[in-house]
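One-letter residues, chain by chain:
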Amino acid sequence: AQSVTQPDIHITVSEGASLELRCNYSYGATPYLFWYVQSPGQGLQLLLKYFSGDTLVQGIKGFEAEFKRSQSSFNLRKPSVHWSDAAEYFCAVAGRDAGNMLTFGGGTRLMVKP
Amino acid sequence: DAGVIQSPRHEVTEMGQEVTLRCKPISGHNSLFWYRQTMMRGLELLIYFNNNVPIDDSGMPEDRFSAKMPNASFSTLKIQPSEPRDSAVYFCASRRTGLTDTQYFGPGTRLTVL
């Protein structure tokens, strides 16, 4: 069975600082990988996704993520955080099979200090 | 496109009452997913449909929960009778059929069972 671990429940960074949110997955092969963001009271919005090819993926709002097969990781990064980035971030995996259902990590809540 | 539409956005009910949550997927999407989000359990997939047919309902907590998709543009999630532990945010998501297609989430229904 596939699983996702986001080790950091809460992270606080200063506005303008860089950000890295960690994501580790467990799956028998290379899964499809996703990062979603959830603002308070809102649904989930896709930031970026990895299916194949270049292991560094660019997403919306200046985010990027790097797939590292050897580490089973798909960490999310942003070089300079804005106050509007405060939200909860979810990493998710989906198998490359007919089911293709998403399994989500527990989420990381990001707070941004002025 | 209007995105995934869910109604109501908020529902407060008393224990024992029937609750019906509604979802309209994005036009042209063939797959529909119901998720539940709680602090304790995070995001859980309850059931998903493909071409209006339930494919996997293994996440449905118990017989009190039922879901239907009578046509491609409408789905319901029903809880009867409701219990306080059902209090959560319920999300609907839709996707085109392709395995690499993105799931788009609705804004959610916040259910409170007193």
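Residues numbered from 1 in each chain as written. Chains lettered and ligands numbered in written order. Predicted model: local features only at pLDDT ≥ 70, side-chain atom pairs only at ≥ 80, totals over all residues. Heavy atoms only, no water.

Enquirer: Mind showing me how you'd approach the interface of chain A and chain B here?
Expert: A common way to express how large an interface is: the accessible area buried when the components associate. Each side of the interface is counted separately: chain A has 19 residues, and chain B has 17 residues. Buried surface at the junction of chain A and chain B, summed over both partners, amounts to about 1,600 Å²; 57% is from carbon and sulfur atoms. Counting across the chain A and chain B interface gives zero salt bridges. Our count for the contact surface shared by chain A and chain B stands at four residue pairs in polar contact (both at pLDDT 80 or more). At the level of secondary structure, the elements contributing two or more residues to the side of chain A that touches chain B comprise strand S5 (32-38), strand S6 (44-50) and strand S11 (102-104) of chain A. Residue classes in the side of chain A that touches chain B are distributed as 10 nonpolar, six polar and three charged. (Contact = heavy atoms within 4.5 Å. Buried area = accessible area lost by both parts, 1.4 Å probe. Salt bridge = Lys/Arg side-chain N within 4 Å of Asp/Glu carboxyl O. Polar contact = N/O pair within 3.5 Å; in protein donor to acceptor, adjacent residues only side chain to side chain. Helix = DSSP H or I, 4+ residues; strand = E, 2+ residues; numbered from the N terminus. Nonpolar A, V, L, I, M, F, W, Y, C, P; charged D, E, K, R; others polar.)

Enquirer: How should the layout of surface pockets be read in this particular structure?
Expert: Over the atoms, a rolled probe matching the size of one water molecule traces out where space is still vacant. Looking at the largest pocket, its volume works out to about 700 Å³. Lining the largest pocket are 30 residues, with Gln-38, Glu-88 and Arg-109 of chain A together with Gln-37 and Met-39 of chain B positioned closest to its centre. Secondary-structure elements contributing two or more residues to the lining of the largest pocket are strand S10 (87-94) of chain A together with strand S4 (31-38), strand S9 (88-95) and strand S11 (109-113) of chain B. The class makeup of the residues in the lining of the largest pocket is 11 nonpolar, 14 polar and five charged. (1 Å grid on protein atoms, 1.4 Å probe; cavity = no way out; pocket = protein on both sides within 12 Å on 5 of 7 lines; lining within 4 Å. Points joined across faces, edges and corners; volume = space filled by probe spheres on them.)

Enquirer: Please clarify how the side chain of Thr-20 of chain B should be interpreted in this entry.
Expert: Take Thr-20 of chain B: it is sitting in strand S3 (residues 19-24). Discounting chain neighbours no more than four positions away, the residues touching Thr-20 of chain B are Pro-8, Thr-76, Leu-77 and Lys-78 of chain B.

Enquirer: Explain the packing of aromatic side chains to me, please; I cannot follow it from the model alone.
Expert: Centre distance and the angle of the planes are the two values used to describe a pair of aromatic rings. Counted by the stated rule, this structure contains 16 aromatic pairs over all chains. Taking the centre distance of 6.5 Å and the plane angle of 45° together, the rings of Tyr-50 of chain A and Phe-74 of chain A count as tilted. One end of the pair, Tyr-50 of chain A, is in strand S6; the other, Phe-74 of chain A, is in strand S9 (residues 73-78), and 24 residues separate them in sequence. Exposure class is identical for Tyr-50 of chain A and Phe-74 of chain A. Each is buried. Between Phe-104 of chain A and Phe-105 of chain B the ring centres are 6.0 Å apart and the planes differ by 75°, which places this aromatic pair in the edge-to-face class. Taken together, the residues span two chains, with Phe-104 of chain A in strand S11 and Phe-105 of chain B in strand S10 (residues 104-105). Summarising the burial analysis for this pair, Phe-104 of chain A and Phe-105 of chain B share the class buried. Following the ring pairs from residue to residue traces out a cluster consisting of Tyr-32, Phe-34, Tyr-36, Phe-51, Phe-90 and Phe-104 of chain A together with Phe-33, Tyr-35, Tyr-48, Phe-91 and Phe-105 of chain B. (Phe/Tyr/Trp six-rings, centres within 6.5 Å; stacked < 30°, edge-to-face > 60°. Buried < 20%, exposed > 50% of the residue type's maximum accessible area, 1.4 Å probe, protein only.)

Enquirer: Can you help me understand the nonpolar core in this one?
Expert: Nonpolar side chains in soluble globular proteins tend to be buried together. Ranked by size, the top nonpolar core spans 26 residues in total, and within it Leu-19, Trp-35, Leu-47, Leu-48, Phe-74, Leu-76 and Tyr-89 of chain A carry the most contacts. In terms of residues, this core owes the most to one element, S10 of chain A, which gives four residues. Counting 21 residues, the second-largest nonpolar core is a separate cluster that includes Trp-34, Ile-47, Leu-77 and Ile-79 of chain B. (Core = buried A, V, L, I, M, F, W, Y, C linked by side-chain atoms within 4.5 Å.)

Enquirer: Would you explain the pattern of salt bridges in this entry?
Expert: If the charged atoms of two oppositely charged side chains come close together, the side chains can form a pair. All names here are of chain B. For the structure on display, the rule yields 13 salt bridges over all chains. Across the pair Glu-44 and Arg-36 runs a salt bridge whose closest N-O atoms are separated by 3.3 Å. One network of salt bridges, in which partners are shared, links Glu-62, Arg-64, Glu-83, Arg-85 and Asp-86.

Enquirer: What is the right way to look at unusual backbone geometry in this model?
Expert: Glycine aside, residues mostly have negative phi angles, and peptide bonds mostly take the trans form. Residue and element names in this part refer to chain B. Residues Ser-7 and Pro-8 are joined by a peptide bond in cis, for which omega reads -10°. Backbone torsion omega between Gln-80 and Pro-81 reads -5°, so that peptide bond is classified as cis. Following the sequence through the fold, Pro-81 ends up in the loop between strand S8 (74-79) and S9. One non-glycine residue, Asn-51, lies in the positive phi region at around 50°.

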